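Now for the letters of each chain:
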Amino acid sequence: MTRRGRAVLTVLKKELVDALRDRRTLMTVLASSVLMGPLVLMAISGLVASLEASAEQREVYVAGLAHAPTLRNFLERQTYTVKEAPADYELQLRKATFSDPVVVVPDDFEAALVRGEAPVVEIVSDGANQRAEASTGRIERLLGAFGRERVTLALALRGVSVQLLEPIEVEERDLASTQTRATRITGMLPYFVMIAMLYGALNAALDTTAGERERGSLEPLLMNPPERWALVAGKWGAVACVSMLIAVLSCFSFLPGQWVLRSDTLAAMFQYGLREALLFVVVLVPLAAALSAALMAVAIRCKTFKEAQASATVVVLAVSLLPLVSVFNLGGESPWHLWVPALAQNMLMTRVLKGEALGGVDLAIPIGVCVVVTAAGIAFVARSLRQAALK
Amino acid sequence: MIEVRSVAKAFTASSAKAPGWAGALRRAASRTTVHAVRDVSFHAPAGAITGLLGPNGAGKTTTLRMLGALVKPDAGSLEVDGIDVARRPREILARLGMLSDARGLYPRLTARENIAYYGALQGMVPDAADARAHDLARMFDMVPLLDRRTEGFSQGERMKTALARALVHDPANIVLDEPTNGLDVLATRALRESLRWLRTPEGGSKCIVFSTHIMQEVERLCDSVVVVAHGRTVASGTVEELLAQTGEHDFEEAFVRLAFDPEQAS
């Protein structure tokens, strides 16, 4: 091996040992990145399972049930269980302790119905009560069906064809595959993985640059024969290794995470196997390299670790906010998304989750961008090193 | 052997410290040139301790940084063992053991690892670096410290570790920038003993350059003294020669006359 290669390896080894001995920080980052997969999946599956349960229960809560035998008859014919709503349903809905919307029937419901006076039936829910809101649509369709049945019967008695009432027929056709539909729920996973990776790199990147300045160990380090770029390359290698380790761990944490899925539907939709995990890693590794270099470039200009943490917020914020471009879905996926780090990776990982194929160009552009960012970052740090050691 | 010939170095600095954009303009407007080193020359032979004596801000640290290729001189030249620092800085660094003003250690590494890291950077194989770390630890009386993490080391323990780290590759030239800063009497004495030994043929006849602002140290240790003030070499010779030159009996008086003479300040 060449002298330069040996120098890079020496620095890399030392920085890795140094980073791995920072147990408390490392454990916090590792625990949060490894536990994150199962935790996020558990939270999502809990929500989906409770939605499914309330749909399966086929229950309707009605206030003033005694005034509406016709409605009760209709609902029971649709195989729904009709229940009297608790007296304080408004309060309970507001506190989110009651998770079904309530149908409120007026006292003179039957009489008004017979007279054709269109009695007002309220569906009471709370916009902030997510689970109650989720069932509102179902109840609305149910009451609509009740209304249509009444109309049909009334017209049929008068000899009018039902088809007159429905000049057009509406049918829904969903083009999304099961996996695509699942990404509406699992779409935030790539985001979580990227954030975990970023925080994994953050500490190591700051410690090898601003931390080295703060300790006063940078000047003596530069009094050694290796070239500056070799020192920086070694440091960068160590930071990138830590960051990639976190990325790999959090990608694979979703594999056992699937076992805790409580919802069968979600388990069927969320197809995340070894292939997906490996594709995630392929997408993330170049980003880990680029982020490590970018963080080091930001931190080398800072005299203390604390100052560097403040400056690094810019990078953290960029990585946290860029993927939101696609979450907000501003104009859908655009070709330029592939040229923006973090946004591109988010897009590619979402595609993996959707079960779509990744093209060679789609992978090559983000990797190319990451290589350029990495090289620029390393060059900048190497150039700033001498100035940084003196001040 | 170290040869420094008429080096000079000026920095641009700004007196305004205001932050932000408005501050940047003000800083640019108030930019002034500070002549850290105007004209420093000295010759440090092998097998001798040369003291670089001067008040704070005289330009000692900047001169030594130029020797370590960390600062490029505006004028003049520096040579180590006949090699020009400006032309072949990497070779110089292999022949130089530099204990600079900043001597931070890696707190999560043990003293041995701190020393061995620099050995590896100097191109030593791990076994050789480790053996050398042990020898140096014996010399500086720090064997029990070797396998402790440097986190929580005392000033003296840190200094010993930093010195051992600087000497791991057994350099022929040793440059120490204010090594006794923050050391107690016993640690200072131990350091003095070590340096005296390094000067002897058994110790390797090292060329030792030692910068300080404490004249007692110079009196006790140095074979020759270079007095630096206001960025210039104002006098050089043995302690006796400097006393004779100023006509004083007390070295402190001689130093004050040499370093703070108003004529020299211009």
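Residues numbered from 1 in each chain as written. Chains lettered and ligands numbered in written order. Predicted model: local features only at pLDDT ≥ 70, side-chain atom pairs only at ≥ 80, totals over all residues.

> Summarise the overall build of chain A; cite the residues concerned and give the values.
Counting its regular elements, chain A contains 16 helices and four strands. Compactness check: chain A gives a C-alpha radius of gyration of 30 Å against a globular reference of 21 Å for 391 residues, more than 25% above the reference. Considering only C-alpha atoms, chain A reaches an extent of 100 × 45 × 35 Å along its principal axes. By the burial criterion, 38% of the 391 residues in chain A qualify as buried. The contacts in chain A between residues at least 6 apart in sequence include a share of 76% that link residues at least 24 apart. (Helix = DSSP H or I, 4+ residues; strand = E, 2+ residues; numbered from the N terminus. Rg over C-alpha atoms; globule rule 2.2 N^0.38 Å. Buried ≥ 20, exposed ≤ 12 C-beta atoms within 10 Å, placed from the backbone. Contact = placed C-beta atoms within 7 Å.)

> Outline the overall build of chain B, supporting the account with residue identities and numerical values.
Counting its regular elements, chain B contains eleven helices and ten strands. Taking 2.2 N^0.38 as the reference for a compact globule, 266 residues should give roughly 18 Å; the C-alpha atoms of chain B span a radius of gyration of 20 Å, in line with that estimate. Expressed along its principal axes, the backbone C-alpha trace of chain B runs to roughly 55 × 55 × 35 Å. Within chain B, the fraction of its 266 residues that count as buried is 44%. In chain B, of all internal contacts separated by at least 6 residues, the share reaching a separation of at least 24 is 69%.

> Break down helix α10 (residues 251–259) of chain B for me, citing the residues and quoting the values.
Residue and element names in this part refer to chain B. Of all the residues in α10, the buried ones are Ala254, Phe255, Leu258 and Ala259. Considered in projection along α10, the buried side chains sweep an arc of 115 degrees and stay on one side of the axis. Contact partners of the buried residues in α10: β3 (48–53), α8 (215–221), β9 (224–229), β10 (232–237) and α9 (239–246). (Arc of directions from axis to C-beta.)

> Please give an account of the environment of Val85 of chain B that cites residues and values.
Residues and elements named next belong to chain B. Relative to the assigned elements, Val85 resides in the loop between β5 (83–84) and α3 (89–95). By C-beta crowding, Val85 is classed as buried, having 24 other C-beta atoms within 10 Å. The contact partners of Val85, leaving out residues within four places of it in the chain, are Leu67, Ala69, Leu78, Glu79, Val80 and Ile92.

> Run through the packing of helix α10 (residues 228–257) of chain A against helix α12 (residues 274–299) of chain A, naming residues and quoting values.
The geometry of a pair of packed helices is captured by two quantities: the angle between their axes and the separation between those axes. Residue and element names in this part refer to chain A. Where α10 contacts α12, the two axes come as close as 8 Å, and the packing angle between them is 150 degrees. As for the relative orientation of α10 and α12, their crossing is right-handed in sense. Together, Lys235, Trp236, Val239, Ala240, Ser243, Met244, Ala247, Val248, Cys251, Phe252, Phe254 and Leu255 of α10 and Ala277, Phe280, Val281, Leu284, Val285, Ala288, Ala289, Leu291, Ser292, Ala293 and Met296 of α12 make up the contact between the two elements. The residue makeup of the contact of α10 with α12, split by class, is 20 nonpolar, two polar and one charged. (Axes fitted to C-alpha atoms, helices over the stretch in contact; angles between N-to-C directions. Left-handed = near helix turned anticlockwise from the far one by under 90°. Nonpolar A, V, L, I, M, F, W, Y, C, P; charged D, E, K, R; others polar.)

> Outline the sheet that holds strand β3 (residues 102–104) of chain A, listing residues and values.
All names here are of chain A. Across the sheet, four strands lie side by side as β2-β1-β3-β4; this open sheet has mixed pairing. Strands with a single pairing partner mark the edges of an open sheet, and in this sheet they are β2 (81–84) and β4 (122–124). The mean inter-strand angle of the sheet, taken between neighbouring strand axes irrespective of direction, is 35 degrees. With three bridges connecting them, β3 and β4 associate as antiparallel partners. Of the residues in β4, the one forming a bridge with Val102 is Val124. Set on the sheet, helix α6 (residues 130–157) makes contact with β1 (59–63), β3 and β4; between it and β4 the angle comes to about 165 degrees. (Pairing = 2+ DSSP bridges.)

> Please set out the nonpolar core residue by residue, giving values where relevant.
Membership of the largest hydrophobic core comes to 156 residues, with the highest contact counts inside it found for Met197, Ala201, Ala288, Leu295, Met296 and Ala299 of chain A together with Val227 of chain B. Of all the elements, α10 of chain A adds the most residues to this core, at 16 residues. With sequence-adjacent residues up to four places away left out, Ala299 of chain A is seen in contact with Ala205, Leu206, Thr209, Ala210, Ala308, Ser311 and Ala312 of chain A. Counting residues in hydrophobic clusters, the runner-up holds eleven residues, among them Val60, Val62, Val102 and Ile139 of chain A. (Core = buried A, V, L, I, M, F, W, Y, C linked by C-beta atoms within 7 Å.)

From the geometry alone we can't say anything about function, so treat these as descriptive.
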